[in-house]
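Residue strings, one per chain:
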Amino acid sequence: MVSFKIAYEKTLAEEGGLNDNPNDLGGLTIMGVCYRDWNDKYPNLFSHLKNYIKLVDLQSIYEQDTKQKTKNIREAKNKICELCLNNKSFVQDIQAIYKTYWDLMKLDLLNNQSDANTIFDFGFNAGSNRAIRYCQRLVKVKEDGIMGKITANAINTSQNSPNTPNTCLLYTSDAAD
């Protein structure tokens, strides 16, 4: 039996806090959630975030000299994340977004938590369809990007032993690099 909670916590820990890098095509993200993609569906999530960004005045920090700027940006981002994580509705919205990916990929059909964690993380970052297609290619079932019983069974039975990660796990890890 696999657990969304375990995969969620593992991926969330890797996603970090606030990212507003102008060179990142995803744009403004918090806890791995992209403003561009989710602002319409979760307006409360990003209205909180905008208010927190105003509180720490990131723009004035970006205009400071380089040495102090780096330290202040890190402190500001940490403060924003702290404010966000102390807001119960914000945390619930973040978890709902992650759960959307889990449910879309139907990862409850898998038996191995390690596989579910890896496919979930890969799907959250690269797209659920892409993650499932890579797994389908590897276990030699029809590549349609949908986790159904045939795909899940092929992934579940592709392991050599309970202590050996299956090839799907290894492939998605390589493909994400």
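Treat the numbers as computed from the prediction; the structure is a model and nothing was measured.

Chemist: How should I be thinking about helix H6 (residues 88–105) in this particular structure?
Modeler: In an α-helix, one turn spans 3.6 residues, which is why side chains three or four residues apart end up on the same side. For H6, with 18 residues, the first-to-last C-alpha span of 26 Å sits near the 26 Å given by 1.5 Å per residue. Phe90, Asp93, Ile94, Ile97, Tyr98, Tyr101, Trp102 and Met105 are the residues of H6 that are buried. Among the residues trailing H6, Lys106 stands out with phi positive, at a value near 50°.

Chemist: Hey, could you run me through the environment of Lys5 in this one?
Modeler: Along the chain, Lys5 turns up in helix H1 (residues 4–15). Residues Lys5 and Asn117, 112 residues apart in the sequence, show an inter-C-alpha distance of 9.9 Å.

Chemist: Looking at this model, I keep getting lost on unusual backbone geometry. Mind explaining?
Modeler: Working note: non-glycine residues mostly have negative phi, and peptide bonds are mostly trans. With a phi angle near 50°, Lys106 is a residue other than glycine that sits in the positive phi range. Here Lys106 lies in the loop between H6 and helix H7 (113–126). In this structure, Lys140 is a non-glycine residue whose phi angle is positive, near 60°. Structurally, the position occupied by Lys140 is in the loop between helix H8 (128–139) and helix H9 (149–156).

Chemist: Can you walk me through the confidence of the model for the protein chain in this structure?
Modeler: Caution is warranted with low-pLDDT regions, since their predicted coordinates should not be read in detail. Looking at the protein chain as a whole, its pLDDT mean stands at 77, while 65% of the residues score no less than 70. Looking over the protein chain, one finds the lowest element-wise mean pLDDT in helix H10 (residues 167–176), namely 49, and the highest in H9, namely 94.

Chemist: What should I look at first to understand the packing of H1 against H7 in this one?
Modeler: Two numbers describe a pair of packed helices, the interaxial angle and the distance between the axes. Packing of H1 against H7 brings their axes to within 9 Å, and their N-to-C directions diverge by 50°. Regarding the angle of H1 to H7, the classification is oblique. Of the two elements, H1 crosses H7, and the hand of that crossing is right-handed. In this structure, H1 contributes Phe4, Ile6, Ala7, Tyr8, Lys10, Thr11 and Glu15 to the contact, and H7 contributes Gln113, Asn117, Phe120, Asp121, Phe124 and Asn125. Each residue belonging to the contact of H1 with H7 can be placed in one class, and the counts come to 6 nonpolar, 4 polar and 3 charged.

The rules behind the values
Residue positions are counted from 1 within each chain, in the order its sequence is given. Local features are withheld for residues below a pLDDT of 70 in this predicted model, meaning they are given only at 70 or higher, and side-chain atom pairs are given and counted only at 80 or more; totals for whole chains, interfaces and linings count all residues. Based on all heavy atoms of the structure, the side-chain values leave hydrogens and waters out of the count. A helix here means a DSSP run of H or I that spans at least four residues, while a strand means a run of E at least two residues long, and both kinds are numbered starting from the N terminus. By this rule, a helix spans an expected 1.5 Å times one less than how many residues it contains. Residue burial is assigned from relative accessible area. The probe radius is 1.4 Å, only protein chains are included, and a residue is buried under 20% of its type maximum, exposed over 50%, and partly exposed in between. One confidence number per residue, pLDDT, is output by the predictor and ranges from 0 to 100. Note on method: axes are straight lines fitted to C-alpha atoms, helices fitted across the in-contact stretch only, with angles between N-to-C directions ranging 0 to 180 degrees. Angles are sorted into four bins: roughly parallel if under 35 degrees, roughly antiparallel if over 145, roughly perpendicular if 65 to 115, and oblique for all others. Should the near helix be turned anticlockwise from the far one by less than a right angle, the crossing is termed left-handed; should it be turned clockwise, right-handed. In what follows, residue pairs with any heavy atoms lying within 4.5 Å of each other are defined as contacts. Under the convention adopted here, Pro, Cys and the residues Ala, Val, Leu, Ile, Met, Phe, Trp and Tyr are nonpolar, Asp, Glu, Lys and Arg are charged, and Gly plus all remaining residues are polar.

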